[in-house]
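# Commentary on secondary and tertiary structure
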Amino acid sequence: KAGVTQTPRYLIKTRGQQVTLSCSPISGHRSVSWYQQTPGQGLQFLFEYFSETQRNKGNFPGRFSGRQFSNSRSEMNVSTLELGDSALYLCASSLAVIEADTQYFGPGTRLTVL
Amino acid sequence: KNEVEQSPQNLTAQEGEFITINCSYSVGISALHWLQQHPGGGIVSLFMLSSGKKKHGRLIATINIQEKHSSLHITASHPRDSAVYICAVDNTDKLIFGTGTRLQVFP
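In this text, all values refer to a predicted model and were calculated from it rather than measured experimentally. (Residues numbered from 1 in each chain as written. Chains lettered and ligands numbered in written order. Predicted model: local features only at pLDDT ≥ 70, side-chain atom pairs only at ≥ 80, totals over all residues. Heavy atoms only, no water.)

Of the regular secondary structure elements, chain B holds 0 helices and 11 strands. Counting from the amino terminus, chain B carries its helices and strands in the arrangement β-β-β-β-β-β-β-β-β-β-β. Projecting the C-alpha coordinates of chain B onto the three principal axes gives extents of approximately 40 × 25 × 20 Å. In chain B, which comprises 107 residues, the share counted as buried stands at 46%. Taking all contacts inside chain B whose residues are at least 6 apart in sequence as the whole, residues at least 24 apart take part in 54%. (Helix = DSSP H or I, 4+ residues; strand = E, 2+ residues; numbered from the N terminus. Buried < 20%, exposed > 50% of the residue type's maximum accessible area, 1.4 Å probe, protein only. Contact = heavy atoms within 4.5 Å.)

What follows is the structure in structure tokens.
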């Protein structure tokens, strides 16, 4: 079974631009979660989607948004980029049949904002 | 105070040593995860625990729900175990992460 894939792997943007990141979960997985990892804050939860619905959201401003498609693929969007948005963005998928489930992480997208 | 605390932050060991990484949490959880992150960023899920103990190869994870504490043990450590180990708790359908323990194992 193919693992979680994320595209692109690396991205360079300038302040004020917007960016869209993509995540394809493991086949059959209906839950996709997004995380931000920075040297200062570590790993932080952004949001989780299950069957095209946002089920949970972390403490991030409204510039961070996401969606999930009927094939479970997910995208996250960051508008009006700030320098502090430079980070590794990870997505993870799970079956989520039960409340807590093993999460399978993608390789991440490294975003640099100049 | 962070909701998930790990110790130590950094750990250096000689090949073959027994290693313990600790995780304490202050929130209610449905499960606790141990993750491994290698340089370059990829994260691998090692264990998901809601009670007791799990073993996989040289890795053992334990959790004490009453004391809100978990440990990850590595027996007969090897240089390829060098990575950052992250504890994360499942709290109301979102993961809260510890700051990680950077482990270096020297031959």
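Here the focus is the packing of aromatic side chains. In the structure shown here, the tally under the stated rule is 5 aromatic pairs over all chains. Each residue in the set Tyr35, Phe45 and Phe105 of chain A together with Phe97 of chain B is aromatic and connected to the rest through ring pairs, giving one cluster. Sitting above the plane of the Phe50 of chain A ring, Arg55 of chain A keeps its charged end 4.4 Å from the centroid. (Phe/Tyr/Trp six-rings, centres within 6.5 Å; stacked < 30°, edge-to-face > 60°. Lys NZ or Arg CZ within 6 Å of the ring centre and 35° of its normal.)

Moving on to the nonpolar core. Soluble globular proteins tend to bury their nonpolar side chains together. Leu32, Trp34, Leu72 and Tyr85 of chain B are the most contacted members of the largest nonpolar core, which totals 24 residues. Among the secondary structure elements, those contributing two or more residues to this core are β3 (19–25), β4 (31–37), β5 (43–49), β7 (59–64), β8 (69–74), β9 (83–91) and β11 (101–106) of chain B. Setting aside chain neighbours within four positions, we find Leu32 of chain B in contact with Cys23, Tyr25, Phe47, Met48, Leu49, Ile63, Ser70, Cys87, Ala88 and Val89 of chain B. Core analysis: the next-biggest nonpolar cluster, separate from the first, contains 21 residues, Leu11, Leu21, Phe60 and Met76 of chain A among them. (Core = buried A, V, L, I, M, F, W, Y, C linked by side-chain atoms within 4.5 Å.)

It is common to give the size of an interface as the accessible area lost on bringing the parts into contact. In this assembly, 16 residues from chain B lie in contact with 15 residues from chain A. Between chain B and chain A, roughly 1500 Å² of surface is buried when both sides are summed, and carbon and sulfur atoms account for 59% of that area. Three residues, Ile43, Asp93 and Phe97 of chain B, lead the burial of chain B against chain A; their summed loss comes to 35% of the area buried on that side. Run the count over chain B and chain A and you get 0 salt bridges. Between chain B and chain A we count 1 residue pair in polar contact (both at pLDDT 80 or more) in total. (Buried area = accessible area lost by both parts, 1.4 Å probe. Salt bridge = Lys/Arg side-chain N within 4 Å of Asp/Glu carboxyl O. Polar contact = N/O pair within 3.5 Å; in protein donor to acceptor, adjacent residues only side chain to side chain.)

The next point concerns the pattern of salt bridges. All names here are of chain A. Following the criterion strictly, the structure yields 6 salt bridges over all chains and no others. Across the salt bridge formed by Arg55 and Glu48, the nearest N and O atoms sit 2.7 Å from each other. Note on Arg55: relative accessible area 39%, which makes it partly exposed. Owing to a relative accessible area of 4%, Glu48 belongs among the buried residues under this scheme. One salt bridge in this structure joins Arg63 and Glu82, with 3.6 Å as the shortest N-O distance. Residue Arg63 is found in the loop between β6 (53–57) and β7 (64–68), and its partner Glu82 is found in the loop between β8 (74–78) and β9 (87–94); the two are separated by 19 residues along the sequence.

Excluding glycine, residues mostly carry a negative phi; peptide bonds, for their part, are mostly trans. The linkage connecting Thr7 of chain A with the following residue, Pro8 of chain A, adopts the cis geometry, with an omega of -10°. Looking at the secondary structure, you find Pro8 of chain A in the loop between β1 (5–7) and β2 (10–13). Geometrically, the link from Ser7 of chain B to Pro8 of chain B is a cis peptide bond, its omega value of -10° lying close to zero. Turning to its location among the elements, Pro8 of chain B is positioned in the loop between β1 (4–7) and β2 (10–14). If you check the backbone angles, Glu52 of chain A has positive phi at about 70° while not being a glycine. If you trace the backbone, Glu52 of chain A turns up in the loop between β5 (42–50) and β6.

Our focus in this paragraph is the sheet that holds β8 of chain B. Residue and element names in this part refer to chain B. In spatial order, the strands read β1-β3-β8-β7-β6; together these 5 strands make up an open sheet with antiparallel pairing. The outermost strands of the open sheet, each flanked by one partner alone, are β1 and β6 (52–56). Across the sheet, the mean angle from the axis of one strand to that of its neighbour is 15°, orientation sign disregarded. Alignment of β6 against β7, held across 5 bridges, turns out to be antiparallel. Bridging from a neighbouring strand, His56 pairs with Leu59 of β7. (Pairing = 2+ DSSP bridges. Axes fitted to C-alpha atoms, helices over the stretch in contact; angles between N-to-C directions.)

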